[in-house]
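One letter stands for each residue in the lines below.
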Amino acid sequence: MGLVGVQENGNGEMGLSVVPLGTKNKYRRMDSELTEDVDDASHHHHQENRSKSTRRFVFASAVFASLNSVLLGYDVGVMSGAIIFIQEDLKITEVQEEILVGILSVVSLFGSLAGGRTSDAIGRKWTMALAAVIFQIGAAVMTLAHSFEVLMLGRLLAGVGIGFGVMIAPVYIAEISPTIARGSLTSFPEIFINIGILLGYVSNYMFSGLPAHINWRIMLGVGILPSVFIGFALFIIPESPRWLVIQNRIEEARSVLMKTNDNEREVEERLAEIQLAAGMTGGEKGEEKAVWRELLSPSPALRRMLVTGFGIQCFQQITGIDATVYYSPEIFKQAGVEGNSHLLAATVAVGVTKTVFILVAILLIDKLGRKPLLYVSTIGMTICLFSLGLSLSLLGQGQLGVALSILSVCGNVAFFSVGIGPVCWVVTSEIFPLRLRAQAAALGAVGNRMCSGLVAMSFLSVSSAITMGGIFFTFSAVSALSVLFVHKLVPETKGKSLEQIEMLFQNEYEWQRSEVEMGDVEHLVQKQ
């Protein structure tokens, strides 16, 4: 009994020299370890559930934010076929046709330019809502138009709405996305543009059999539907946490980050990074130059960002993608395809190709990186555009010429969709500092829309002057220049936080060294 007392109390030499004390402790430790294992398993299960919930929430937010991009895609696709019947119904000239097609892109640059300041004032989320409302009004006016002038008014309104939507969606998605998936998620607007283009082509084909004074109105009117879904989306998607930090609404930003990040430690780290990038300490806004003054007199680092962002946006369009899509029926007619139904069926093939290959880009952009896809894209487009010029110039309207023309157009849109199409928007939304991001990205979108408008409004006139084949040789040469631009001026941003990307531009050669270091880090993480 005395021995038991020694063991229980842990006093005296006897208790220390006899084994049962250790034995008793041993069993207690095993029990403790078992409890810890159960706790660890429970914590791991909880963390897995939270990760799945986070991924679903971010995915849904990216999808809903991208709905505005369907509007642009649908307009591009549907106008390529609707213009055939608008010509027939309203008796418009070739110059009016060019203006009608191209004016949307030109006007959308004003929407994009205003979108930067608007999104800084009212938030990313409500800028998307404003874009949808303006587009709906424009689409309704176009549907009811009985003259070229009224149709133009509707195009102007639709263009402003599209400008807002095209600019804000990639910025919003980049700001809510976790680093590891930001590339693929920020590509969603480009996916939805392609889906919209395909829907536009299908709409053309479906309604082409109706009378000419009705079918084009239905084609344009259907474009209102996607913007209705955006109204429902506003009840689901959160505001951008980075915009909330700029507005000094720190707790709201933390709440959003809790929904888009896997654990609380990551949330606090990300919040601290955002506050630092926003120029805030302790919740107070730091003093800084006015945004536009800073953009107009940029530092060397910001100048490099602007050249990269504005340049890649312009190259995306001056390689002629919108001409290929808007005027694909004209191109196929020149190649020798006959009959409206055959022309519109061929455009559906273009739309399907464009949509399929954008999905390939989404799968690869966060695995291979941005630059490899850009290289593949720009080199492939150069070859396909040259091939199309060759086909239209030398092969005439025979069966071989038709086949090579369709193959070249499909190849061009495929290479576009796998690289510069989505990557352009990803890079532009990633590279700018938080305080400048919305308005700098708006400048990039302005360059994109301006180049799109210039190409769309001059394509028929220029092709008449230098032949259809000649204009595609020109596009091929510009595409070759884009390969050099990518090599010299576009850094790899895969695997870096938005704040880390900002640091790349502080030194002109920093990104080359950083790419090696980031590759080493990723390799080590994978090994561990």
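Rules used in this analysis
- Residues numbered from 1 in each chain as written.
- Predicted model: local features only at pLDDT ≥ 70, side-chain atom pairs only at ≥ 80, totals over all residues.
- Heavy atoms only, no water.
- Salt bridge = Lys/Arg side-chain N within 4 Å of Asp/Glu carboxyl O.
- Helix = DSSP H or I, 4+ residues; strand = E, 2+ residues; numbered from the N terminus.
- Buried < 20%, exposed > 50% of the residue type's maximum accessible area, 1.4 Å probe, protein only.
- Core = buried A, V, L, I, M, F, W, Y, C linked by side-chain atoms within 4.5 Å.
- Patch = residues over 30% accessible without salt bridge, like charges linked within 9 Å, V, L, I, M, F, W, Y side chains within 5 Å.
- Areas by Shrake-Rupley, 256 points an atom, 1.4 Å probe, with all protein chains shown as cover.
- Axes fitted to C-alpha atoms, helices over the stretch in contact; angles between N-to-C directions.
- Left-handed = near helix turned anticlockwise from the far one by under 90°.
- Contact = heavy atoms within 4.5 Å.
- Nonpolar A, V, L, I, M, F, W, Y, C, P; charged D, E, K, R; others polar.
- Phe/Tyr/Trp six-rings, centres within 6.5 Å; stacked < 30°, edge-to-face > 60°.
- 1 Å grid on protein atoms, 1.4 Å probe; cavity = no way out; pocket = protein on both sides within 12 Å on 5 of 7 lines; lining within 4 Å.
- Points joined across faces, edges and corners; volume = space filled by probe spheres on them.
- Parallel < 35°, antiparallel > 145°, perpendicular 65-115°, else oblique.
- pLDDT = per-residue confidence, 0-100.

J.: For the pattern of salt bridges, give the residues involved together with the corresponding values.
T.: Taken as a whole and judged by the stated rule, the model has 11 salt bridges. Arg217 is paired through a salt bridge with Asp89; the nearest N and O atoms lie 3.7 Å apart. Remark: Asp89 occurs in helix H4 (residues 67-90) and Arg217 occurs in helix H10 (residues 212-221); sequence separation between them is 128 residues. Classification of Asp89 by relative accessible area gives partly exposed; the value is 24%. Among the ionic pairs, Asp366 bridges to Arg370, the shortest N-O distance being 3.0 Å. Each of the salt bridges in this network shares a partner with another, and the network as a whole consists of Asp120, Arg124 and Glu175.

J.: Give a detailed account of the nonpolar core, specifying residues and quantitative values.
T.: Formed by 118 residues in total, the largest nonpolar core has its most connected members in Ile86, Leu100, Leu151, Phe459 and Phe472. The next biggest cluster of nonpolar side chains, apart from the first, holds 13 residues, and it includes Ile250, Ala253, Val256 and Leu434.

J.: Now, about a nonpolar patch on the surface: what can you tell me, with residues and values included?
T.: On the surface, a nonpolar cluster with roughly 390 Å² of combined accessible area is contributed by Val133, Ile137, Leu153, Leu156 and Leu157. Elements supplying a minimum of two residues to the nonpolar patch: helix H6 (124-144) and helix H7 (148-176). Top contributing element to the nonpolar patch by residue count: H7, with 3 residues. Tracing the chain through its elements places Leu156 in helix H7. On the accessibility criterion, Leu156 (33% relative accessible area) is partly exposed.

J.: Which residues make up the packing of H4 against helix H9 (residues 188-207), and what values go with them?
T.: The axes of two packed helices give the description: the angle between them and the distance between them. Contact geometry of H4 with H9 gives a least axis separation of 6 Å together with a crossing angle of 35°. In terms of crossing hand, the pair formed by H4 and H9 is right-handed. Taking contact as the criterion, the partners of Leu67, Ser69, Val70, Leu72, Gly73, Tyr74, Val76, Gly77, Val78, Ser80, Gly81 and Ala82 in H4 are, on H9, Pro189, Phe192, Ile193, Gly196, Ile197, Leu199, Gly200, Tyr201, Ser203 and Asn204. Its residues assigned to classes, the contact of H4 with H9 comprises 13 nonpolar, 9 polar and no charged.

J.: Before we move on, can you summarise the packing of aromatic side chains with the specific residues and values?
T.: Aromatic ring pairs are described here by two measures, namely the spacing of the ring centres and the angle between the planes. Evaluation of the coordinates by the stated rule reveals 6 aromatic pairs. Here Phe459 and Phe472 contribute two aromatic rings whose centre-to-centre distance is 5.9 Å and whose plane-to-plane angle is 70°, an arrangement assigned as edge-to-face. Residue Phe459 is located in helix H23 (residues 437-466), and its partner Phe472 is located in helix H24 (residues 468-489); the two are separated by 13 residues in the primary sequence. Across the pair, Phe472 and Phe459 agree in class, each one buried. Both rings, one in Phe472 and one in Phe475, keep their centres 5.7 Å apart while their planes meet at 70°; by these two values the pair is edge-to-face. Here Phe475 and Phe472 lie together in helix H24, a separation of 3 residues that amounts to about one turn. With relative accessibility at 0%, the residue Phe472 sits in the buried group. For Phe475, a relative accessible area of 7% gives the class buried. Three or more aromatic residues link up through ring pairs in this structure, and these residues are Tyr327, Phe459, Phe472 and Phe475.

J.: Requested: an account of empty space enclosed by the protein, with residues and values cited.
T.: Within this structure, the stated rule accounts for 4 cavities of 30 Å³ or more. A volume near 140 Å³ is recorded for the largest cavity. Lining the largest cavity are 15 residues; nearest its centre among them are Glu190, Ile193, Gln317, Asp322 and Arg449. At the level of secondary structure, the elements contributing two or more residues to the lining of the largest cavity comprise H4, H9, helix H16 (300-318), helix H17 (321-326) and H23. When the residues that make up the lining of the largest cavity are grouped by side-chain class, the tally is 8 nonpolar, 3 polar and 4 charged. Roughly 40 Å³ of internal volume is contained in the second largest cavity. The wall of the second largest cavity is formed by Val166, Met167, Pro170, Val171, Gln313, Trp425, Thr428, Ser429, Ala441 and Ala445. Among the elements of the structure, H7, helix H22 (420-430) and H23 are those that each provide at least two residues to the lining of the second largest cavity. With 4 residues, H7 is the single largest residue contributor to the lining of the second largest cavity. When its residues are assigned to classes, the lining of the second largest cavity shows 7 nonpolar, 3 polar and no charged.

J.: Explain the packing of H4 against H7 to me, using residue names and the numbers behind them.
T.: At their nearest, the axes of H4 and H7 sit 10 Å apart, and the two run at 165° to each other. Classed by the angle they form, the pair H4 and H7 counts as roughly antiparallel. Crossing of H4 over H7 shows left-handed handedness. Here Asn68, Ser69, Leu71, Leu72, Asp75, Met79, Ile86 and Leu90 of H4 come into contact with H7, specifically with Phe148, Leu151, Arg155, Ile162, Gly165, Val166 and Ala169. The residue makeup of the contact of H4 with H7, split by class, is 10 nonpolar, 3 polar and 2 charged.

J.: Please set out the confidence of the model for the chain residue by residue, giving values where relevant.
T.: Per-residue pLDDT for the chain has a mean of 79; in total, 83% of the residues score no lower than 70. pLDDT under 50 marks residues 1-28. Its contacts with residues more than four places away, or in other chains, come to 10 contacts. Scored below 50 in pLDDT, residues 514-528 shows 10 contacts in the model against residues more than four places distant or in partner chains.

J.: How would you summarise the side chain of Ser452 if you had to cite specific residues and measurements?
T.: Tracing the backbone shows Ser452 in helix H23. On the basis of relative accessible area, Ser452 is assigned to the buried category, the value being 0%. Residues in contact with Ser452, not counting those within four places in the same chain, are Ser105, Gln317 and Asp322.

J.: So what about the environment of Arg303? Which residues, and what values?
T.: Here Arg303 is to be found in helix H16. With relative accessibility at 45%, the residue Arg303 sits in the partly exposed group. The spacing of Arg303 and Phe505 is 202 residues in sequence and 9.1 Å in space, taken between C-alpha atoms.

J.: Can you tell me about the environment of Pro178, naming the residues and giving the values?
T.: In this structure, Pro178 sits in the loop between H7 and helix H8 (182-186). Once you skip the residues sitting within four places of it in the chain, Pro178 turns out to touch Val58, Leu185 and Thr260.

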